[in-house]
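# Close look at the chain arrangement
Chain by chain, the residues:
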Amino acid sequence: MCGIFGCASKQGNAAKVIHAALKRLEYRGYDSVGEATLSEGKLFIKKDSGKIDEVHEKLNLDDLPGNLGIGHTRWATHGAPLQVNAHPHIDCEEQIAVVHNGIIENYALVKKELEDKGHVFRSKTDTEVIVHLIEELVKQQNLTLVEAVAEALKALEGSYAIAVISTLEPDKIICARNESPLVVGVGENAVYCASDIPAFLPLTNKAVVIEDGELVIITNDGYEIQKIADLRLVKREPKIIDWTPEMAEKRGYPHFMLKEIHEQPLALRNTLRLQEHYLELMTTFLDRAKEVFLVACGTSYHACLAASYMFSKLAYRATYPIIASEFAEQHGKSVNIESTILAVSQSGETADTLAAVEAARHRAATILGLTNVIGSTLTRVSRVYICQQSGPEIGVAATKTFTAQLCVLAQLALRLAKKRGKVSQDEIDFLEEKLEQIPNIVENVIVKQEDKIKQLARKYKDKREFFFLGRGISTATALEGRLKLMEIAYVPAIAYPAGESKHGPISLVEPGFPVVFVCPPDETRKAVIGNIMEMKARGASIIAIIEEGDEEIKNLAEDFIEVDKGIPDILSPIPYVIPLQLFAYYMAVERSHDPDKPRNLAKSVTVK
Ligand code: M6R
């Protein structure tokens, strides 16, 4: 997730406006920043790695001439956070500049074709192909800038919100979107484009939301929306935005956590666009290893637990999920050169996870990393790492980064299964197709169930403790639902594999005791129904997360939340955890706690 901004102003210095707007977009990424402006037929650029304030102190981002320009704040995905990879990126002739938020999936192929035609690339980013492709189309086909941008976008696959400026047509910014957010702000003396409304809200409250497949030509006195496919005109009037500055930061949501829960469909789509190369490399290491440990803390550990079921069921690969703080004590002596450690950490900086990695490195084990932060310590100590590309997560409770971790791990399990010839091609095709549908399924759960979950939170808000139970891979979902409720709503809760509940925990149950069952219709369903009966017999209030239309469990439960039909069991934690995230969120709100800042917790735990 990056932030883009553009400003076409009738008077004054665009650079200063862009700099201030990028500060307001900093929550979208903060490992590099850059600006480009046009003045007297020339392109001016300043960019570097580092936080906006650091780069400004070094380069003075306000000191660029001209009243039209673009800017970018970066969250690295392709290419390390270095000066050369910072946006804007420019063409060979230094006439065109582009900023981009998203991922161009076919960039390697396009880059090769452009290099064969003589284009020289400066960065390791996917973005740079956009600007060279526009240059190629302008030069070779004599297209206008708008035509060239549209043609270039037709040749590119992936997600983007882009803004392009050029000395060839210095009075305009051309921006466009596919699956990455883009809004236009219409001021008295200037028109803006941005990844998000807060970027221009202090300047204007008139906003036009741009849709997928549209481009916009922005000048200092207006905007024109066209379809990328055929440059057909689209009429859309600005809307008045009445958000307070605080609401604006959270895009109108009351809390970052709720915003991040709602961002999951988009975050998952990005995670489905990971670079093949890294997935393949990591799969090779997982295949070759004599033993594989999945090491993490908190929510990331729950992703590891779910992954151990995925690897075993799909690829017949036994893996050992282990809480990082226990790793050295339990396996420190036996881990060796033939062991592989897949460390999973959203932040890449969790002290317990890094300590486990250090212990394993010390004994020459291979370290693989899955993280959300390129440039984090975990990426530096890993032989291979994958960046899950969820964008910054501000809420202390991990939500969108959990489902994205699951999505990456599922992709790895699928590849491993393929490599090992353990499942038929038909099954692989089916699972891949289902994985592609997961972002939409998650969206459906949010849209269809949020109101009901809000009411459930109202009903159960005064309960003093909860059980979360599931079998098989749903044990991980149950554990994650419990952690969310405990950490933000401060409700003590117990989570167990449902089969284990009768070996002790059931003694806590008395009439009215709330028990949340995670029950997708997998092989465990029959046994789960047995466990529901045991709890019901003792007067428990059953809240079941079920597949749409599961009448049998509906009849047993006091309350139920439905998830779309047809989700394979190994993918079920992704949609089935969504109701639990929302339930924890609304319980916290009902109990008057701030879900974004739970007491005693930090987003990244850097002490052991
Ligand atoms: O950054 P990490 O994924 O390594 O963080 C691990 C845990 O500290 C983290 O998941 C924590 O449990 C969250 N508060 C969960 O919401």
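Residues numbered from 1 in each chain as written. Predicted model: local features only at pLDDT ≥ 70, side-chain atom pairs only at ≥ 80, totals over all residues. Heavy atoms only, no water.

This structure, assessed with the given rule, holds three cavities of 30 Å³ or more. What the largest cavity holds in volume is close to 120 Å³. Lining the largest cavity are 16 residues, and of these Cys2, Trp75, Thr77, Gly102 and Ile103 lie nearest its centre. When its residues are assigned to classes, the lining of the largest cavity shows four nonpolar, 10 polar and two charged. (1 Å grid on protein atoms, 1.4 Å probe; cavity = no way out; pocket = protein on both sides within 12 Å on 5 of 7 lines; lining within 4 Å. Points joined across faces, edges and corners; volume = space filled by probe spheres on them. Nonpolar A, V, L, I, M, F, W, Y, C, P; charged D, E, K, R; others polar.)

If you walk across this open sheet you meet the seven strands as 5-6-7-8-12-13-14, and the pairing is antiparallel. Of all the strands in the sheet, just strand 5 (89–90) and strand 14 (233–234) have a single pairing partner and so form its edges. In terms of strand pairing, strand 7 (residues 158–166) meets strand 8 (residues 173–178) through four bridges, oriented antiparallel. Note that in strand 8 the partner of Ile162 across the bridge is Ala176. Each of strand 5, strand 6 (96–104) and strand 7 touches helix 4 (residues 128–141); the most contacted strand, strand 6, lies at about 130° to it. (Pairing = 2+ DSSP bridges. Helix = DSSP H or I, 4+ residues; strand = E, 2+ residues; numbered from the N terminus. Contact = heavy atoms within 4.5 Å. Axes fitted to C-alpha atoms, helices over the stretch in contact; angles between N-to-C directions.)

In a packed pair of helices, the relevant descriptors are the angle between the two axes and the axis-to-axis distance. Contact geometry of helix 4 with helix 5 (residues 145–155) gives a least axis separation of 8 Å together with a crossing angle of 125°. Compared by their axis directions, helix 4 and helix 5 come out oblique. Considering the relative orientation of helix 4 and helix 5, their crossing is right-handed. Note on element contacts: helix 5 touches helix 4 through Leu145, Ala148, Val149, Glu151, Ala152 and Ala155, opposite Leu133, Ile134, Leu137 and Val138. (Parallel < 35°, antiparallel > 145°, perpendicular 65-115°, else oblique. Left-handed = near helix turned anticlockwise from the far one by under 90°.)

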